[in-house]
Amino acid sequence: QVQLVESGGGSVQPGGSLTLSCAASGNFFEIYYMGWHRQTPGNHRESVALINGEKNTLYDDSVKGRFTISRDNAKNTVYLQMNNLKPEDTAVYYCHAQVKQSQTSPYDTPYWGRGTRVTVSS
């Protein structure tokens, strides 16, 4: 019912910048939360940043001051601006959305994108 499509990944040198985008489409009533998670080459999974409909944000300590999450509610799109990238930021980044399917739905449903790869190396 909901599709998430990420874009913006690539390869950069340490200190470089990338901006990731994730657009939600399909049939739904409201997106409560959107965010980014990542899986490192060592298969470590972690939350990177979250944002709700009121645009309150939450960041992992490892990216505070370097990454900025934002959300365009009209376009159902979330962005992640990544500055001063470090080798340890290398990972596949996945977009997440917590969705209310209809006005009468008693529960919300999680959706995940297919991921976009970020590689930071000299």
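Relevant structure appears above.
Residues numbered from 1 in each chain as written. Predicted model: local features only at pLDDT ≥ 70, side-chain atom pairs only at ≥ 80, totals over all residues. Heavy atoms only, no water.

**As for the overall build of the protein chain**
Secondary structure assignment for the protein chain yields 0 helices and 11 strands. Listing each helix as α and each strand as β along the protein chain from the N terminus yields β-β-β-β-β-β-β-β-β-β-β. Whereas a compact globule of 122 residues would reach a radius of gyration of roughly 14 Å, the protein chain reaches 14 Å, a difference of no more than 12%. Summarising its shape, the C-alpha atoms of the protein chain cover approximately 50 × 25 × 25 Å along the three principal directions. For the protein chain, buried positions account for 42% of its 122 residues. In the protein chain, 55% of the contacts between residues at least 6 apart in sequence involve partners at least 24 apart. (Helix = DSSP H or I, 4+ residues; strand = E, 2+ residues; numbered from the N terminus. Rg over C-alpha atoms; globule rule 2.2 N^0.38 Å. Buried < 20%, exposed > 50% of the residue type's maximum accessible area, 1.4 Å probe, protein only. Contact = heavy atoms within 4.5 Å.)

**What about the environment of V2?**
Along the chain, V2 turns up in strand β1 (residues 2–7). Considering only alpha carbons, one finds V2 and V99, 97 residues apart in sequence, at a separation of 8.4 Å. V2 has contacts with S25, N27, F28, V99, Q101 and Y111, leaving out every residue within four places of it along the chain.

**A short note on the pairing of β1**
Because side chains alternate across β1, one face comprises the buried residues V2, L4 and E6, and the other comprises Q3, V5 and S7, none of which is buried. By the bridge criterion, 6 bridges tie β1 to strand β3 (residues 18–26) in an arrangement that is antiparallel. Looking at the pairing, V5 lines up with A23 of β3. (Pairing = 2+ DSSP bridges.)

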